[in-house]
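Structural features, examined
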Amino acid sequence: MPLNREKLLEIAVDVVAEAARLARESHKTYEVSTKSTRNDLVTTVDIAIEGLITSRLHSKTGYPCMGEEGHSIDSFAGPVWVIDPIDGTMNYVMTHRDYAISLALCVDGIPIIGVVCDVTADTVYTAIEGQGAWCDGKQLSSVPENTSFREGILIADVKELEALPRLTQLVRESRGHRRYGSAALECIEVARQQAAAFVHLWVSPWDIAAAQLICQEAGVRVTRMDGTPLDTRYKGSILAAWPQAHSEMLQRLCIDPC
Ligand code: IPD
Ligand code: CA
Ligand code: CA
Ligand code: CA
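Source: prediction; values computed, not measured.

**Section: the coordination of the calcium ion (ligand 3)**
Coordination of the calcium ion (ligand 3) by the protein involves Asp84 (OD), Asp87 (OD) and Asp207 (OD), with metal-donor separations of 2.1 to 2.3 Å. Coordination of the calcium ion (ligand 3) draws on donor residues from a single chain, spaced D-x2-D-x119-D in sequence.

**Concerning the coordination of the calcium ion (ligand 4)**
Listed as protein donors to the calcium ion (ligand 4) are Glu68 (OE), Asp84 (OD) and Ile86 (O); their distances from the metal cover 2.1 to 2.3 Å. For the calcium ion (ligand 4), all donor residues lie on one chain, and their spacing in sequence is E-x15-D-x1-I. Here the calcium ion (ligand 4) and the calcium ion (ligand 2) are spaced 3.9 Å apart, linked through glutamate 68, which binds each one. Taken together, the positions of glutamate 68 in the loop between strand 3 (65-67) and strand 4 (79-87) and aspartate 84 in strand 4 put the pair 16 residues apart, joining distant regions of the chain. Judged by its relative accessible area of 25%, glutamate 68 is partly exposed.

**Topic: the pairing of strand 5 (residues 100-107)**
Of all 8 residues in strand 5, 7 are buried; the element is thus mostly enclosed. In the sheet, strand 5 pairs with strand 6 (residues 110-118) via 8 bridges, with the strands oriented antiparallel. Its bridge partner being in strand 6, alanine 104 is matched across the sheet by glycine 114.

**Describing the packing of aromatic side chains**
Counted under the stated rule, the structure contains 3 aromatic pairs. Seen from their ring centres, tyrosine 30 and tyrosine 92 are 5.3 Å apart, and the 40 degrees between their planes marks the pair as tilted. In this pair, tyrosine 30 is assigned in the loop between helix 1 (5-25) and strand 1 (32-34) and tyrosine 92 in helix 3 (residues 89-94), connecting sequence segments 62 residues apart. Taken together through their ring pairs, the aromatic side chains of Tyr30, Tyr92 and Tyr99 make up a single cluster.

**A word on the nonpolar core**
Of all hydrophobic cores here, the largest spans 60 residues; its most connected members are Phe198, Ile238 and Met249. The element best represented in this core is helix 7 (residues 205-217), accounting for 8 residues. Composition of this core by domain shows at least three residues from each of domain 1 (5-139) and domain 2 (149-254). Once residues lying within four places of it in the same chain are set aside, the contact partners of phenylalanine 198 are Ile155, Ala183, Glu186, Cys187, Val190, Ile208, Ile238, Leu239 and Ala240. Of all hydrophobic cores here, the second largest spans 33 residues; its members include Ala20, Ala23, Leu41 and Cys65.

**Some points on helix 2 (residues 44-61)**
The end-to-end C-alpha distance of helix 2 is 26 Å, a good match for the 26 Å that 18 residues give at a rise of 1.5 Å each. Of the residues making up helix 2, those classed as buried are Val45, Asp46, Ile49, Glu50, Leu52, Ile53, Thr54, Leu57 and Thr61. Between a side-chain oxygen at the N-terminus of helix 2 and the backbone nitrogen of valine 45 the separation is 3.1 Å; the capping residue is threonine 43. Positive backbone phi, at 75 degrees, marks glycine 62, one or two positions downstream of helix 2.

**Looking at the sheet that holds strand 11 (residues 176-178)**
As summarised here, the arrangement of the 5 strands in space is 11-10-12-14-13, forming an open sheet in which the pairing is mixed. Only two strands of the sheet have a single neighbouring strand rather than two, namely strand 11 and strand 13 (221-223). Across the sheet, the mean angle from the axis of one strand to that of its neighbour is 15 degrees, orientation sign disregarded. Of the pairings in the sheet, the one linking strand 10 (residues 153-155) to strand 12 (residues 197-203) comprises 2 bridges and is parallel in character. By the bridge assignment for strand 12, isoleucine 155 is matched with phenylalanine 198.

**Describing the site of ligand 1**
Contacts to ligand 1 come from 13 residues, most closely from Asp87, Gly88, Thr89, Ala183 and His200. Contact between ligand 1 and arginine 179: an oxygen atom at 2.9 Å from a side-chain N or O atom of the residue. Taking histidine 200, its side chain carries an N or O atom lying 2.8 Å from an oxygen atom of ligand 1. Protein burial of ligand 1: of its 380 Å² of free accessible surface, 80% is covered by the chains. Counting atoms within 2 Å of the grid points, the majority share of ligand 1 lands in the largest pocket. Looking at the shell around ligand 1, the elements that each hand over two or more residues are strand 4 and strand 12. For the shell around ligand 1, the element with the highest residue contribution is strand 4, accounting for 3 residues. Among the residues making up the shell around ligand 1, the classes are represented as 3 nonpolar, 5 polar and 5 charged. Taken domain by domain, the shell around ligand 1 gets at least three of its residues from each of domain 1 (5-139) and domain 2 (149-254).

**Some words on the domain arrangement of the protein**
Per the domain assignment, the segments of the protein are domain 1 (5-139) and domain 2 (149-254). Taken together, the contact between domain 1 and domain 2 spans 34 residues of the former and 21 residues of the latter. The largest share of the area that domain 1 buries against domain 2 comes from Asp87, Pro111 and Tyr125, three residues that together contribute 24% of it. Where domain 1 meets domain 2, there are 0 salt bridges. In this assembly, domain 1 and domain 2 are joined by 8 residue pairs in polar contact (both at pLDDT 80 or more). Those elements giving two or more residues to the side of domain 1 that touches domain 2 turn out to be strand 3, strand 4, strand 5, strand 6 and strand 7 (123-128). Counted by class, the side of domain 1 that touches domain 2 contains 18 nonpolar, 10 polar and 6 charged residues.

Rules and cut-offs
Residues numbered from 1 in each chain as written. Chains lettered and ligands numbered in written order. Predicted model: local features only at pLDDT ≥ 70, side-chain atom pairs only at ≥ 80, totals over all residues. Heavy atoms only, no water. Donors = N, O, S within 2.8 Å, 3.2 Å for Na, K, Ca; no water. Helix = DSSP H or I, 4+ residues; strand = E, 2+ residues; numbered from the N terminus. Buried < 20%, exposed > 50% of the residue type's maximum accessible area, 1.4 Å probe, protein only. Pairing = 2+ DSSP bridges. Phe/Tyr/Trp six-rings, centres within 6.5 Å; stacked < 30°, edge-to-face > 60°. Core = buried A, V, L, I, M, F, W, Y, C linked by side-chain atoms within 4.5 Å. Domains from an automatic or database assignment. Contact = heavy atoms within 4.5 Å. Expected span 1.5 Å × (residues − 1). Polar contact = N/O pair within 3.5 Å; in protein donor to acceptor, adjacent residues only side chain to side chain. Axes fitted to C-alpha atoms, helices over the stretch in contact; angles between N-to-C directions. Near = heavy atom within 4 Å. Areas by Shrake-Rupley, 256 points an atom, 1.4 Å probe, with all protein chains shown as cover. 1 Å grid on protein atoms, 1.4 Å probe; cavity = no way out; pocket = protein on both sides within 12 Å on 5 of 7 lines; lining within 4 Å. Sits in = over half its atoms within 2 Å of the grid points. Nonpolar A, V, L, I, M, F, W, Y, C, P; charged D, E, K, R; others polar. Buried area = accessible area lost by both parts, 1.4 Å probe. Salt bridge = Lys/Arg side-chain N within 4 Å of Asp/Glu carboxyl O.

What follows is the structure, encoded as structure tokens:
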């Protein structure tokens, strides 16, 4: 019998809870290596969690899995699990907070189930396409439709601010600037109404697939930074913001054709 969406969400939540326990238990006993640069880290825990999640999901659903630390897929056709075993590995190693486990089920490249666990806060955000966004079983209320970016916090990295002087100007006009170091948790801050917008120049499918759905289900507008739709299958930029904040920011960021 094919698995329904509620059952798939239950499977996803269970495996993420198991992964979160592993992340907590392994906190002092891991090894760290670098990948492309000295600040691009991977730990033995990232690899162990990705292995745990893929083997559980494979045996329970049979769907292919794509993960940051090595699990690849032939194509995004049909159902595919997209896994970021630790989003915020630098935080896992350096600050021991603000890191997440992110798991999404995409069908033909579109996220239909999303689970993000803020491990140190012991909080789980979930969504099923069309059924709202949830935090620990309580539905998130919709984000404000008609509130300006000026009334909220903007989340962006120093790279975005350096590359986009217009964004720096928007930050000056806003309530302030924050950066936490986990793209998934940063994006969800917009759904939680803790921030009016999240901007990133370069997110990967595993960073954003689950958070994107959770945000959309709370009424957050999610696009690329030029306003085009965010296709989860490809790396690229993201502007996730409350609706009015989104149109204001888009207009100000793209005065010229962009
Ligand atoms: C990183 C974090 C970080 C973002 C990077 C991501 P990782 O994910 O989300 O906040 O700025 O672009 O790669 O490598 O810790 O899973
Ligand atoms: Ca990484
Ligand atoms: Ca990530
Ligand atoms: Ca990661």
